[in-house]
Number of protein chains: 2
Amino acid sequence: MANQNNNIIEQSSKNNNLPKVFLHGPPQFSILLQPNPSQNFHILNPSSLPPLHEFISLNPDHASSISAIVCTTLYPVNADVIRLLPSLRLICAASAGTNHIDLSECRRRGIKVTSAGNLFSEEVADMAVALLIDVSRKISTANRFLRRQLQIASWDFPLGSKLTGKKIGIVGMGRIGLEVAKRLEAFNCMISYNSRNKKPLLSYPFYSTVIELATSTNVLILCCELNDQTRHIVNKEVMLALGKGGIIVNVGRGALIDEKELLRCLIEGEIEGAGLDVFENEPYVPKEFFSLDKVVLSPHAAVLTSDSFMSICQLVEQNLEAFFSNKPLITPVI
Amino acid sequence: MANQNNNIIEQSSKNNNLPKVFLHGPPQFSILLQPNPSQNFHILNPSSLPPLHEFISLNPDHASSISAIVCTTLYPVNADVIRLLPSLRLICAASAGTNHIDLSECRRRGIKVTSAGNLFSEEVADMAVALLIDVSRKISTANRFLRRQLQIASWDFPLGSKLTGKKIGIVGMGRIGLEVAKRLEAFNCMISYNSRNKKPLLSYPFYSTVIELATSTNVLILCCELNDQTRHIVNKEVMLALGKGGIIVNVGRGALIDEKELLRCLIEGEIEGAGLDVFENEPYVPKEFFSLDKVVLSPHAAVLTSDSFMSICQLVEQNLEAFFSNKPLITPVI
């Protein structure tokens, strides 16, 4: 590791005049999200290296050389991280959401932030529909059941329900919500939504509260961002309003749902099932979920396709190029 | 059992003047598919009873009293079964396909046959899309992986691929094929198809052979019926034409694919994955499938929802009522 670090320092000394960019994320991330070499910036750790904290403590002089970081949701960028990097001017999030970044601290220090913008809307919408059909039609359950039975294709658990005709309530009618609505319309589902504001161009019924939406639908699909207003937007009251045949799909952020109440409602049959790509305390998933056939679990994978890594890689590169050439950012958050 | 049979004979003797209908299927079937009591026919076995062969051998006098049977794909109605029932005049299949019924023998004996018609098209199309997203985005694999890992949401297997934009080849552009096309258009997939004939009203590209379709697409979805022309319509040559990134989804019948070649192509990486609701020798599923993460398996469950049982129950009843009132059948096959 010491050798590797020396190599980096040597490599970067060749690019001494270029602003330094640090890839702040788990090991596989540096490989998948590595921007192309550029004349305008220098990637400090193109191959897997120690995490930021360790890197800075091993190379304290480098702390003030880092102008930009690229980050995923897996490694938060809180005030502690930001304080480590006195020259930080840009944070490129490789995600649509930026709730893992302390935006107030960024604003205070004049640090710009970019996100994936709408780049992943289709993938996330695909995942929402996938989780909904899976829960409704028991695809993963049947697959697991068949593999366990070994060799006999039979069905020996409660029947699922038809997707066509279901009343779908979309929470958060941004780009992802719109893509979900478009897909589920093709299944002859009936769409309605809750959002900060009614969208004048949309003909879908609008409900100003999630509880009204839940009362009128069979399915809630959470596509909104996590903030102080949306934390636990799906609570016990909302789940009881959705009712016994109800399904909840979460492709937003775990803390949109009161996870303890969700578990209780699932176990006690207050709702029918759930498809969850996100969890309240990721990467930890409450073990009680694992014994429930009515839940389909996905490891925050809504954007994990080979295609999306290629796209975000390009977008991060474009944002870095724009920033270090003093051009407008492509997908600015602040 | 003897007692139960006596009861039936007693019950049916009360309805001596009514034509007798036998529910020919597995035990749970009689409960799920039981038509309402009628003034025009009498259901011989409304609760679970011995299978037809056993029933006839226990009650040989009853053989000639049965005018109609209701059947699923799980119990074939071959010439042997038909010969058991000299008074048989109607077979109501609770399925869209009738390849489990000896139609030639029925024609020869003047027996009418009805099917589920297009009743299940939406459910089957939903299943086709579900299997495709699942294989493409590795939903079942991720769910299984997460449950095995227990408590850590992570991703440690090859990335899936984006559904949006995929080139889809639909084999068999009947009602199910159309419903699949409609759904996948909403995912911005590009649809083309192979069918007995080009459909003049459809703008999707038509290919007159499956191999040409496979050459031009990433995904084959099999929605056609099984007959002498379509048996093994997907053979080694077709799979090699589909190629290494290719996915095959089968919601038709198992024997549409050469299953041995499919297994070989999957194991050797000649195609990317498969979503299979049907198998060549159901209910048996080749055990080699169980070790493959790139395959999603479903126990011939495309029509298994609580909603579809209610619908088919009604349709069977309507066909029986029509037949025994000398009215036109609702969904005649022959």
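Up top is the structure these notes are about.
If you're wondering where the values come from, they're calculated on a predicted model, not measured in any experiment.

Observations regarding the environment of V234 of chain B
All names here are of chain B.
Part 1: When you line up the elements, V234 lands in the loop between β8 (219–222) and α10 (236–242).
Part 2: Taking C-alpha positions, V234 is 12 Å from T215, a pair spaced 19 residues apart along the chain.
Part 3: The contacts of V234, once residues within four sequence positions are left out, are L220, L222, M239, I248, L256, I257 and D258.

Describing the sheet that holds strand β5 (residues 112–114) of chain A
Residue and element names in this part refer to chain A.
Part 1: Across the sheet, which stays open at both edges, the 5 strands sit in the order β2-β1-β3-β4-β5 with parallel pairing between neighbours. With one partner strand each, in any of the chains shown, β2 (42–43) and β5 form the two edges of the open sheet.
Part 2: Lying over the sheet, helix α12 (residues 306–324) contacts β1 (20–24), β3 (66–71), β4 (90–93) and β5, oriented at roughly 165° with respect to β4.

Looking at the relation of the copies chain B and chain A
Here the second copy of the chain follows from the first by a rotation about an axis and a shift along it.
Part 1: Screw-axis analysis of chain B against chain A gives a translation of 0.0 Å along the axis, an RMSD of 0.0 Å, and a rotation angle of 180°. With respect to symmetry, the two chain copies, as superposed, fit the operation of a two-fold axis. Every residue of chain B has its C-alpha some distance from the rotation axis, and the shortest such distance is that of S140 of chain B, at 2.5 Å.
Part 2: Interface overlap between copies is the fraction of interface residues in one copy that are interface residues in the other; for chain B against chain A it reaches 100%, indicating a shared surface.

Considering the packing of aromatic side chains
Part 1: What the rule picks out here adds up to 11 aromatic pairs over all chains.
Part 2: A connected cluster of aromatic rings, assembled from ring pairs, spans F41, F323 and F324 of chain A.

A closer look at the sheet that holds strand β9 (residues 247–250) of chain A
Adjacent strands of a sheet pair through backbone hydrogen bonds, lying either parallel or antiparallel.
Residue and element names in this part refer to chain A.
Part 1: Strand order in the open sheet formed by 6 strands is β7-β6-β8-β9-β10-β11, and the pairing between neighbours is parallel. Unpaired on one side and paired on the other, β7 (190–194) and β11 (295–297) mark the two borders of the sheet. Sheet twist, expressed as the mean angle between neighbouring strand axes with direction ignored, is 15°.
Part 2: In terms of strand pairing, strand β10 (residues 273–276) meets β11 through 3 bridges, oriented parallel. Paired with L276 across the bridge in β11 is L297.

Here we look at the side chain of S115 of chain B
Residues and elements named next belong to chain B.
Part 1: Along the chain, S115 turns up in the loop between β5 (112–114) and α6 (121–137).
Part 2: S115 sits in the buried class, given a relative accessible area of 8%.
Part 3: A distance of 2.9 Å separates a polar atom in the side chain of S115 from the backbone nitrogen of G117.
Part 4: Those residues in contact with S115 that lie beyond four places of it in its chain are A93, S95, A96, T98, L315, N319, T331 and V333.

A short note on the interface of chain B and chain A
Part 1: Contact with chain B, which involves 57 residues of that partner, is made by 58 residues of chain A.
Part 2: Here chain B packs against chain A, burying approximately 5,300 Å² in sum over the two surfaces, 60% of which is carbon and sulfur.
Part 3: At the boundary of chain B with chain A, the tally comes to 4 salt bridges.
Part 4: Between K162 of chain A and E122 of chain B there is a salt bridge whose closest N-O contact spans 3.1 Å.
Part 5: Across the chain B-chain A interface, the total number found is 29 residue pairs in polar contact (both at pLDDT 80 or more).
Part 6: Within the residue set of the side of chain B that touches chain A, elements represented by two or more residues are α6, α7 (139–149), α8 (175–185), β11 (295–297) and α12 (306–324) of chain B.
Part 7: Considering each element in turn, the side of chain B that touches chain A owes the most residues, 10 residues, to α6 of chain B.
Part 8: Tallied by class, residues from the side of chain B that touches chain A come to 34 nonpolar, 11 polar and 12 charged.

Some points on the pattern of salt bridges
Pairing between side chains of opposite charge can happen when the charged atoms of each approach one another.
Residues and elements named next belong to chain A.
Part 1: Taken as a whole, this structure holds 24 salt bridges over all chains when the rule is applied.
Part 2: Two residues, E179 and R183, come together in a salt bridge whose shortest N-O distance is 2.7 Å. Residue E179 and its partner R183 are located together in helix α8 (residues 175–185), separated by 4 residues, close to a single helical turn.
Part 3: According to the relative accessible area criterion, E179 is buried, its value standing at 9%.

Some details on α12 of chain B
Residue and element names in this part refer to chain B.
Part 1: The end-to-end C-alpha separation of α12 is 27 Å, in line with the 27 Å expected for 19 residues at 1.5 Å each.
Part 2: Within α12, burial applies to S308, F309, I312, C313, L315, V316, E317, N319, L320, A322, F323 and F324.
Part 3: Following α12 by one or two positions, N326 has its phi on the positive side, about 60°.

Criteria and thresholds
Residues numbered from 1 in each chain as written. Chains lettered and ligands numbered in written order. Predicted model: local features only at pLDDT ≥ 70, side-chain atom pairs only at ≥ 80, totals over all residues. Heavy atoms only, no water. Helix = DSSP H or I, 4+ residues; strand = E, 2+ residues; numbered from the N terminus. Contact = heavy atoms within 4.5 Å. Pairing = 2+ DSSP bridges. Axes fitted to C-alpha atoms, helices over the stretch in contact; angles between N-to-C directions. Least-squares fit on C-alpha atoms with pLDDT ≥ 70 in both. Phe/Tyr/Trp six-rings, centres within 6.5 Å; stacked < 30°, edge-to-face > 60°. Buried < 20%, exposed > 50% of the residue type's maximum accessible area, 1.4 Å probe, protein only. Polar contact = N/O pair within 3.5 Å; in protein donor to acceptor, adjacent residues only side chain to side chain. Buried area = accessible area lost by both parts, 1.4 Å probe. Salt bridge = Lys/Arg side-chain N within 4 Å of Asp/Glu carboxyl O. Nonpolar A, V, L, I, M, F, W, Y, C, P; charged D, E, K, R; others polar. Expected span 1.5 Å × (residues − 1).

Geometry only, nothing functional implied.
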